[in-house]
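Secondary and tertiary structure notes
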Amino acid sequence: MRILFIHPNYHSGGAEIAGSWPPAWVAYLSGSLKTAGFDDIHFIDAMTNDVDDATLRDRIAEIEPDVVGVTAITPSIYVAERALEIAKEVAPDAVRVLGGVHATFMYKQVLSEAPWIDVIVRGEGEEIVTELMRAIDEGRWPADRRAINGLAFIEDDKIVATQAASTVKNLDGIDPDWTILEWEKYIYVPLGVRVAIPNMARGCPFTCSFCSQWKFWRDYRVRDPLKVVNEIERLVNDHDVGFFILADEEPTINKKKFVQFCEELIARGLPDKIKWGINTRVTDIMRDKDLLPLYRKAGLVHVSLGTEAAAQMKLDKFNKETTVAENKEAIRLLREADIFVEAQFIVGLDNETAETLEETYQMAWDWQPDLANWAMYTPWPFTPLFQEIRDQVEVFDFSKYNFVTPIMKPAALTRGELLDGVMKNYRRFYMQKALFHYPWRGTGFRRRYLLGCLKAFLKAGVSRTFYDLGKAGYWGPQTKDKVDFDFDETRTIAEAQMEDWEAAADRAARAAERREAVKAQMKGRAEERKVMACGGGDQQMEDA
């Protein structure tokens, strides 16, 4: 059986600024499938190679697949749906499969707008996809589809979802097939070296209201650090990778295993061959302040901190469980350990103003991270915060849900003014860094890395790909009232998806009512016990 995976051709002016990123999902799925005996696997990286529809059509026809699998994050969902529509046209007998975080939570929306998709894989793909491929290979598809957990499909004009599959418990049993990728295409611009995105842990115990990752991965699991280092060593030796970013939401949660990981990298001499970066929480940096020199010795050179907001009120709204003071201290600790630190700010909620944007800039300059990033709040339609502010969301063109397009319109600003305010922050921050910091702070690797980051920003700025400025028609403050984000206003929420949301909201409301009722009942019983403790009656004893 011939399997074809496609990474959809979606681009935005966000993460691509720093380089071309290898789609790790295909390596993990291919590795699991090859372990199960499926070895006729092909891959088209339409994003990295900028493959247009006509070329994709020819490639699919040439490969003649039995199964076509595509993944999608929210902004890439439409091009992913289009890729499977093309597959239907040129390989009509192939089973068309869609996976990824958006399809997992929005399967009713996706199947309503793209009924040519045969099946959606909901959740982690390795075990579900393997079971699905076995059913197809053995001729049990579609007859046995209801018996496979973690699927969604259309049957008799109705959308059906099977029971949710369990998470992958044995992460160490997954052996990714990194050979399926075109490694010469994946370059980290700041250092000019090949880049990889391996996975050490899955899940997150925190429940930030704007994030969906903790919902997708559900429980937190960590791989054996030695096996992760084995994988990184293969990436270095077999594919000449010189930089990696751990894909984990927060790889430092399990302190013991993270330290093990660092010690093993050092023991094998890998920090001389490869450097790396992570995303993590401020609280973990505070906890591990004495270990930061060890982390740096292990090759950790870049930490992106989810500082998120300069105001405590926003941190509380995001359920970050951190404080502004902790943000500043964590940045100081990292800089003292010679680890480059990037501060992440989320802007663009309904209460954003010119003053709050200025506040984030002043805070960023006071904190003095090496890098700062202002991301537009993107209301993922499967997060708790979205459900709170759903009535304020006006744009359902998911192709623009990319952190760089202002989906939400603040009450006090137009979207153009919001974009202009963010660009003003970028201009001031990086102009001062470029003139007074990057060329003069430190020597050797530090200077080279920071100038490489500046090069990435300048390259994206000149090409007008930074924040999709070219597409929006933004050329500076004089154009803030003329920018056009080109929202597709025909995009709406499907009736089936809306019904699902309403049912979930009703369940949540009933659960909240039950919790309040239980609290009131417990409080009442506590009061009764307090009164009865004075002698069994409802009157206090009188003084003799």
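The rules behind the values
- Residues numbered from 1 in each chain as written.
- Predicted model: local features only at pLDDT ≥ 70, side-chain atom pairs only at ≥ 80, totals over all residues.
- Heavy atoms only, no water.
- Helix = DSSP H or I, 4+ residues; strand = E, 2+ residues; numbered from the N terminus.
- Buried < 20%, exposed > 50% of the residue type's maximum accessible area, 1.4 Å probe, protein only.
- Contact = heavy atoms within 4.5 Å.
- Areas by Shrake-Rupley, 256 points an atom, 1.4 Å probe, with all protein chains shown as cover.
- Pairing = 2+ DSSP bridges.
- Right-handed = clockwise from strand over helix to strand, strands pointing away.
- Axes fitted to C-alpha atoms, helices over the stretch in contact; angles between N-to-C directions.
- Salt bridge = Lys/Arg side-chain N within 4 Å of Asp/Glu carboxyl O.
- Phe/Tyr/Trp six-rings, centres within 6.5 Å; stacked < 30°, edge-to-face > 60°.
- Lys NZ or Arg CZ within 6 Å of the ring centre and 35° of its normal.
- Parallel < 35°, antiparallel > 145°, perpendicular 65-115°, else oblique.
- Left-handed = near helix turned anticlockwise from the far one by under 90°.
- Nonpolar A, V, L, I, M, F, W, Y, C, P; charged D, E, K, R; others polar.

**A few points about the overall build of the protein chain**
- Scanning the protein chain for helices and strands turns up 19 helices and 16 strands.
- Out of the 544 residues in the protein chain, the part that is buried amounts to 54%.
- The contacts of the protein chain with a sequence gap of at least 6 include a subset with a gap of at least 24, amounting to 75%.
- Approximately 24,200 Å² of the protein chain is accessible, and the part contributed by carbon and sulfur atoms is 51%.

**A word on the pairing of strand S15 (residues 340–347)**
- Of all eight residues making up S15, eight are buried, and the element is well covered by its neighbours.
- Along S15, one buried face is formed by Phe 340, Glu 342, Gln 344 and Ile 346 and the opposite face, lined by Val 341, Ala 343, Phe 345 and Val 347, is buried too.
- Pairing between S15 and strand S16 (residues 371–376): six bridges, direction parallel. Of the residues in S16, the one forming a bridge with Val 347 is Met 376.
- With helix H14 (residues 354–367) bridging S15 and its parallel neighbour S16, the resulting β-α-β unit is right-handed.

**Observations regarding the sheet that holds strand S5 (residues 119–121)**
- Taken in spatial order, the seven strands line up as S2-S1-S3-S4-S5-S6-S7 in an open sheet, and their pairing is mixed. The outermost strands of the open sheet, each flanked by one partner alone, are strand S2 (41–45) and strand S7 (158–161). Strand-to-strand twist in this sheet, taken as the mean axis angle between neighbours without regard to direction, amounts to 20°.
- Of the pairings in the sheet, the one linking strand S6 (residues 151–155) to S7 comprises four bridges and is antiparallel in character.

**Here's the deal with the pattern of salt bridges**
- Tallying each qualifying case throughout the model produces 32 salt bridges.
- Between Arg 202 and Glu 124 there is a salt bridge, and its shortest N-O distance comes to 2.7 Å. Remark: Glu 124 occurs in the loop between S5 and helix H6 (125–137) and Arg 202 occurs in strand S10 (residues 201–202); sequence separation between them is 78 residues. Glu 124 shares its class with Arg 202; the two are buried.

**Observations concerning the packing of aromatic side chains**
- Under the counting rule described, the total for this entry stands at 33 aromatic pairs.
- Ring centres 5.6 Å apart and planes at 80° place the aromatic pair Phe 5 and Trp 25 in the edge-to-face group. Taken as a pair, Phe 5 in strand S1 (residues 3–7) and Trp 25 in helix H1 (residues 24–35) lie far apart in primary sequence, 20 residues in all.
- Phe 5 sits in the buried class, given a relative accessible area of 2%.
- Ring centres 6.0 Å apart and planes at 80° place the aromatic pair Trp 183 and Tyr 186 in the edge-to-face group. Each member of the pair Trp 183 and Tyr 186 is classed as buried.
- Among the aromatic residues, ring-to-ring pairing joins Phe 345, Trp 365, Trp 367, Trp 374, Tyr 426, Phe 429, Tyr 430, Phe 457, Phe 466 and Tyr 467 into one connected group.
- Stacked on the ring of Tyr 107, the Lys or Arg Arg 122 has its end atom at 5.2 Å from the ring centre.

**Description of unusual backbone geometry**
- In this structure, Pro 142 follows Trp 141 across a cis peptide bond, with omega equal to 5°.
- Looking at the element boundaries, Pro 142 is found in the loop between H6 and S6.
- In this structure, Asp 156 is a non-glycine residue whose phi angle is positive, near 55°.
- Tracing the sequence through the fold places Asp 156 in the loop between S6 and S7.
- Positive phi, normally seen in glycine, also occurs at Phe 403, with a value near 75°.
- Its location among the elements puts Phe 403 in the loop between helix H15 (384–389) and helix H16 (415–436).

**Description of the packing of helix H8 (residues 225–239) against helix H9 (residues 255–267)**
- Closest axis-to-axis distance for the H8/H9 pair is 9 Å, and the angle between their directions is 40°. If you check the angle between H8 and H9, you find them oblique. In this structure, H8 crosses over H9, and the sense of that crossing is right-handed. Each of Pro 225, Leu 226, Val 228, Val 229 and Ile 232 in H8 lies in contact with H9, whose residues at this interface are Lys 257, Gln 260, Phe 261, Glu 264 and Leu 265.
- Residue classes in the contact of H8 with H9 are distributed as seven nonpolar, one polar and two charged.

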